[in-house]
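# A closer look at the structure
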Amino acid sequence: MHAVVSCKNVKKVYKQGAIEVIALADADLTVDEGDFVCLSGPSGSGKTTLLNIIGGLDTPTAGEIIVADNRLHTMSKSQLAEMRLHHIGFVFQAYNLIPVLTALENVEMVMQMQGVAKHERAQRARQVLKEVGLEGLENRKPPELSGGQQQRVAVARAIVSNPKLVLADEPTANLDSKTAENLIDLMRHMNTEHGVTFVISTHDPRVMHHAKRNLSMVDGRIVA
Amino acid sequence: MGATFRLAWRNLWRNPRRTALTMCAIAFGAVLLIFSIGLQLGQYDMMIGSNVRIYQGLLQIQHLGYLTDPKIRSSIPNILALTQQVRDRTGLKNISARANGFALVSSAKRTYATAVVGVESAHEQRVSTLPGLVKQGRFFSADNANEVVIGAALAKNLQVALGDELTLLGSARDGAVAAAVLPVVGIFESGNVDLDRSMIQIPIATFQDVFDMEGHGHSIVIFEEDFKKAALFKSQVIQALGTQAELVVLTWDQLQPGLKEMIDLDYSAGWFMYIVLVAIITFSILNTFLMSVLERTREFGIMLALGYKPFNIGRLVMLEALILTLFALAIGIAIGVAINAYFYHYGLTFQGMEEMAKIYNLPASIKPQMSVNAILSGPALILAFTSIAALYPAMRIRLLSPVEAMRKI
Ligand SMILES: Nc1ncnc2c1ncn2[C@@H]1O[C@H](COP(=O)(O)OP(=O)(O)OP(=O)(O)O)[C@@H](O)[C@H]1O
Ligand SMILES: [Mg+2]
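Residues numbered from 1 in each chain as written. Chains lettered and ligands numbered in written order. Predicted model: local features only at pLDDT ≥ 70, side-chain atom pairs only at ≥ 80, totals over all residues.

### Regarding the overall build of chain A
- When helices and strands are counted, chain A shows seven helices and 10 strands.
- For chain A, the C-alpha radius of gyration of 17 Å lies close to 17 Å, the compact-globule estimate for 224 residues.
- Of all 224 residues assigned to chain A, the portion counted as buried reaches 47%.
- A separation threshold of at least 6 residues defines the contact pool for chain A, and within that pool the share at least 24 residues apart is 72%. (Helix = DSSP H or I, 4+ residues; strand = E, 2+ residues; numbered from the N terminus. Rg over C-alpha atoms; globule rule 2.2 N^0.38 Å. Buried ≥ 20, exposed ≤ 12 C-beta atoms within 10 Å, placed from the backbone. Contact = placed C-beta atoms within 7 Å.)

This is how it looks when you write it as structure tokens:
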């Protein structure tokens, strides 16, 4: 199988004055196409840091990261932005959406940046919103949606342009357990139906329960 | 662009009160500038207009060098024939010849040194309002009449009344003594202190006779109401003159460089004030721009994560500022034009303006200038400043990293 993500000896050290915080210590990770990986571990173990580096939001102190055949550790900021735009979808813990745009417009905005034609944009956004169960709510703005619905819009936005990889950093942390379960079901559904590759970080055992592959992090290392 | 514009527009109205207040500040600034600049330019128009109207004319044909060194010998030969030629060839009606000299003017009791001007009795009122300002007596009956018209202040100084005789003593064109005794037939009161106190007028043929001019004179005065077209009339007059190497055609601003300089200086001083005012407004706006950007740091972080480039976001922020400014300026221009149009119609009078008006011989009320320049130069200044102000927050976005931005709430 083709590897979407391949991390080797990735190190991330934050310097806070004289103190060095080692967020990642020689993390190795390979994620194959179509995988659904769950990353768990205690707070401060480096989950967010690793996702940010895989997503090209942050740069490693050392090591090599290849995502969708892009050698991220060699790329400039603007190349990384371009890579994120075309290959990666993100779902964050909360406040993912642009509050002045409707659900539909939020889903459309990435496609707009990609230069997708207006008509096709709207059509695809509607279809994906329907798939995440938000038919009829397309014209609501984020403040008029529940937390779970907002996260669904975020998932719709993340997958709408068929990215190679969707990274979700604690996507269910702000949701009650029922809603969280539904959201994970949805992501798993997208994984099986459309073959979208997911890497999700979480503390939530129910999320881990749905994963194809569960990985644990401790002190900046992937242990299992 | 459509989607970016929509996003910018909605972002503006996220905080409607703040946006409205900022717009008010900009619109208020625009109204203030439009009113002040309009009034300032209107005042200049008035000063120039009344200056041109009262005596000087819009254009003058003079002998080369007469303007800087007004010697009686720097004269135009056959001036009456040449004047008629210019009238005929240009088709302009308001043209009159003059001859200028100096004399000691004595009444029975006193003596003053004054300018003596010879004028065409039938044409002078077409180029100057002075003949119409003769408050006692009358203007000249003929070009060769032995008559003198003097200013009210001079009449008072000389202690003469209508019918009293004045003795003129000066030097003629050839350097001989020029002397005449003439009765006062009219006394003018223009409100212009200089004219009223130190000028007498006599008919041009009489002047030529007394000062031994042999048909010469010193200036051909051309008047037209629209002084903004001075250059156009000038070219017509030059054409009508033909090749006359020793003659020059001078426009109002060349005839009175002091007035032009004073206006330019005053206008620069005005602009200095306007720039200070706009700078103050801009600083308050800059603060608003900055706040609106800082409070969206997390949102920008999300956008960066999704693949937006700092340039895209900077452009969005600039667009927001531009929409806000243009919107506010449109309102400001509408109000400003309405106010200026009102005062253009009904005139504006200040306290104490009547006295001022008298000294400078201005109408008793000011009309703001209603030109594109007067209306748009203030708003353009505001637009320039606010664009620079918006650049700063937009540039700051370049420093934003997505990870740090998203850490903020
Ligand atoms: N910008 C930073 N500056 C300094 N230290 C940082 C920074 N970001 C993260 N760290 C440190 O790096 C380590 C890993 O942090 P990270 O956020 O990746 O952990 P996490 O596993 O996501 O934790 P949580 O489950 O609480 O989200 C922590 O010790 C954290 O304090
Ligand atoms: Mg984390």
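### Describing the domain arrangement of chain B
- On domain assignment, one finds that chain B holds domain 1 (2-52 + 259-407) and domain 2 (59-223).
- Here domain 1 of chain B and domain 2 of chain B have C-alpha centroids that lie 52 Å from each other. (Domains from an automatic or database assignment.)

### Regarding the pairing of strand β7 (residues 165-169) of chain A
All names here are of chain A.
- Most of β7 is tucked away: five of the five residues are buried.
- Burial along β7 is two-sided: L165, L167 and D169 and V166 and A168, pointing in opposite directions, are all buried.
- With four bridges connecting them, strand β6 (residues 88-91) and β7 associate as parallel partners. Along β7, the bridge assignment pairs I88 with L165.
- Pairing of β7 with strand β8 (residues 198-201), which is carried by four bridges, proceeds in the parallel orientation. Across the sheet, residue D169 finds its bridge partner in β8, namely S201.
- As a crossover connection, the stretch from β7 through helix α6 (residues 177-194) into β8 is right-handed. (Pairing = 2+ DSSP bridges. Right-handed = clockwise from strand over helix to strand, strands pointing away.)

### Focus on the interface of chain A and chain B
- Contacts between chain A and chain B engage 18 residues on the former and 16 residues on the latter.
- For the side of chain A that touches chain B, the elements supplying multiple residues, two or more each, are α2 (77-87) and α3 (103-114) of chain A.
- For the side of chain A that touches chain B, the leading source of residues is α2 of chain A, giving five residues.
- A breakdown of the residues in the side of chain A that touches chain B according to their chemical character gives 11 nonpolar, four polar and three charged. (Nonpolar A, V, L, I, M, F, W, Y, C, P; charged D, E, K, R; others polar.)

### Quick look at the sheet that holds strand β1 (residues 3-16) of chain A
Residues and elements named next belong to chain A.
- One open sheet holds the four strands; their spatial order is β2-β1-β4-β5, and the pairing between them is antiparallel. The open sheet has two free edges, formed respectively by β2 (19-32) and β5 (70-71), since each of these has just one partner strand.
- Inspection of the sheet shows strand β4 (residues 62-67) paired to β5 by two bridges, in the antiparallel sense. By the bridge assignment, I66 is partnered in β5 with R71.

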